[in-house]
Amino acid sequence: NAGVIQTPRHKVTGKGQEATLWCEPISGHSAVFWYRQTIVQGLEFLTYFRNQAPIDDSGMPKERFSAQMPNQSHSTLKIQSTQPQDSAVYLCASSLRGAETLYFGSGTRLTVL
Amino acid sequence: AQSVDQPDAHVTLSEGASLELRCSYSYSAAPYLFWYVQYPGQSLQFLLKYITGDTVVKGTKGFEAEFRKSNSSFNLKKSPAHWSDSAKYFCALEGGNTNTGKLTFGDGTVLTVKP
């Protein structure tokens with residue numbers, strides 16, 4: 001079991017460019033979550049899928065952020081027209097079901113110049 | 001609305017001492033409560049959780065936590081502390097009725113254990 005895999009580990013973009021972050025959840029886990037971690041805001045929930053269906057995206061900034069889960073083995077978080085305030089560590093996590101232990105990936109550190 | 005408060009941003013103690021990291025929460029119904037740990041340069045790792053039942057829950061790495069409904073707290077404890085426990089600890093809450101896994105995290109407590 002390789003755990004939750006996130007790629008890339010680091011990504012640097014220029015202001016206005018697009019960034020796509022990838023997550024491979026643990027095999028057999030039905031729930032996938034995206035969180036964002038910054039020094040100022042701490043850990044923030046972004047969005048959540050269960051059995052590939054979007055369940056709750058209440059934490060997603062509405063205009064430029066989108067997430068998909070096209071199959072059970074990966075999810076993507078896309079940020080269009082990146083801004084410096086999007087700089088953060090983006091964490092993906094999976095769990096067997098909702099209210100269970102979350103297994104976090106190592107994160108993708110996004111830096112927007 | 002729900003929230004988690006970890007009032008101590010930093011805690012420093014000597015190896016062998018007892019540690020207790022404070023966590024209080026605000027939620028109108030029965031909460032699910034969690035502790036996660038983040039070692040330097042690493043991602044979050046699960047320590048323990050309280051869902052229902054026994055108010056003292058034991059987790060990994062020798063940690064335990066006590067759920068106290070009377071004062072809405074879920075403090076993390078370990079005795080004795082070891083230098084390898086130095087890390088950032090996060091308390092988290094999930095609204096128990098939602099069963100989603102959507103967690104509200106506290107700001108975390110940085111624990112430093114001096115050898």
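Bear in mind the structure is a predicted one, so any value in this text is a computation, not a measurement.

Visitor: Go over the overall build of chain A with me, naming the residues and quoting the values.
Guide: Broken down by element type, chain A carries zero helices and eleven strands. Written out in order from the N terminus, the α and β elements of chain A read β-β-β-β-β-β-β-β-β-β-β. Scaling as 2.2 N^0.38, a compact globule of 113 residues should have a C-alpha radius of gyration of about 13 Å, and chain A matches this with 13 Å. A total of 113 residues make up chain A; the buried ones form 49% of that total. In chain A, the proportion of contacts linking residues at least 24 apart, taken out of those at least 6 apart, comes to 54%.

Visitor: Explain the sheet that holds strand E8 (residues 74-79) of chain A to me, and be specific about the residues and the numbers.
Guide: The strands making up a sheet associate through backbone hydrogen bonding, with each pair oriented either parallel or antiparallel. All names here are of chain A. If you walk across this open sheet you meet the four strands as E1-E3-E8-E7, and the pairing is antiparallel. Sheet topology places strand E1 (5-7) and strand E7 (65-71) at the edges, where each strand pairs with a single neighbour. Across the sheet, the mean angle separating the axes of adjacent strands is 20 degrees when strand polarity is ignored. Pairing analysis gives five bridges linking strand E3 (residues 19-24) to E8, with the strands arranged antiparallel. Residue pairing in the sheet places Leu 21 in a bridge with Leu 77 of E8.

Visitor: Describe in detail the layout of surface pockets, supporting the description with residues and values.
Guide: The computed volume of the largest pocket comes to approximately 550 Å³. Gln 37, Val 89 and Arg 109 of chain A together with Gln 38 and Gln 42 of chain B are, among the 27 residues lining the largest pocket, the residues nearest its centre. Among the elements of the structure, strand E4 (31-38), strand E5 (42-50), strand E9 (88-95) and strand E11 (108-112) of chain A together with strand E10 (87-95) of chain B are those that each provide at least two residues to the lining of the largest pocket. Partitioned by chemical class, the residues of the lining of the largest pocket number ten nonpolar, 13 polar and four charged. The volume enclosed by the second largest pocket comes to roughly 220 Å³.

Visitor: For the interface of chain B and chain A, give the residues involved together with the corresponding values.
Guide: In this assembly, 16 residues from chain B lie in contact with 18 residues from chain A. Note on chain B versus chain A: buried area summed over both sides is about 1,500 Å², and carbon and sulfur give 54% of it. The interface formed by chain B and chain A holds one salt bridge in total. Across the pair Asp 56 of chain A and Lys 102 of chain B runs a salt bridge whose closest N-O atoms are separated by 3.3 Å. Linking chain B with chain A are six residue pairs in polar contact (both at pLDDT 80 or more), by the criterion used here. Sorting the residues of the side of chain B that touches chain A by element identifies strand E5 (31-38), strand E6 (44-50) and E10 of chain B as the ones contributing at least two each. The leading source of residues in the side of chain B that touches chain A is E5 of chain B, at four residues.

Visitor: Which residues make up the side chain of Thr 108 of chain A, and what values go with them?
Guide: All names here are of chain A. In this structure, Thr 108 sits in strand E11. The class for Thr 108 is buried, based on a relative accessible area of 0%. A polar contact is formed between the side chain of Thr 108 and the backbone oxygen of Pro 8, at a distance of 2.5 Å. When sequence neighbours within four positions are dropped, the list of residues in contact with Thr 108 reads Gln 6, Thr 7, Pro 8, Arg 9, Leu 21, Ala 88, Val 89 and Tyr 90.

Visitor: I'd like a rundown of unusual backbone geometry, residues and numbers included.
Guide: Residue Pro 8 of chain A is reached from Thr 7 of chain A by a cis peptide bond, and omega for that bond is -10 degrees. For Pro 8 of chain A, the location among the structural elements is in the loop between E1 and strand E2 (10-13). Cis geometry marks the peptide bond from Ser 79 of chain B to Pro 80 of chain B, where omega comes out at -5 degrees. Tracing the backbone shows Pro 80 of chain B in the loop between strand E9 (73-78) and E10. Positive phi, normally seen in glycine, also occurs at Ser 81 of chain A, with a value near 45 degrees. With respect to the element layout, Ser 81 of chain A can be found in the loop between E8 and E9. Since its relative accessible area comes to 34%, Ser 81 of chain A is described here as partly exposed. Unusually for a residue other than glycine, Ser 72 of chain B sits at a positive phi of about 55 degrees. Within the secondary structure layout, Ser 72 of chain B lies in the loop between strand E8 (64-68) and E9. The class of Ser 72 of chain B is partly exposed, set by a relative accessible area of 24%.

Reading guide: rules and limits
Residues numbered from 1 in each chain as written. Chains lettered and ligands numbered in written order. Predicted model: local features only at pLDDT ≥ 70, side-chain atom pairs only at ≥ 80, totals over all residues. Heavy atoms only, no water. Helix = DSSP H or I, 4+ residues; strand = E, 2+ residues; numbered from the N terminus. Rg over C-alpha atoms; globule rule 2.2 N^0.38 Å. Buried < 20%, exposed > 50% of the residue type's maximum accessible area, 1.4 Å probe, protein only. Contact = heavy atoms within 4.5 Å. Pairing = 2+ DSSP bridges. Axes fitted to C-alpha atoms, helices over the stretch in contact; angles between N-to-C directions. 1 Å grid on protein atoms, 1.4 Å probe; cavity = no way out; pocket = protein on both sides within 12 Å on 5 of 7 lines; lining within 4 Å. Points joined across faces, edges and corners; volume = space filled by probe spheres on them. Nonpolar A, V, L, I, M, F, W, Y, C, P; charged D, E, K, R; others polar. Buried area = accessible area lost by both parts, 1.4 Å probe. Salt bridge = Lys/Arg side-chain N within 4 Å of Asp/Glu carboxyl O. Polar contact = N/O pair within 3.5 Å; in protein donor to acceptor, adjacent residues only side chain to side chain.

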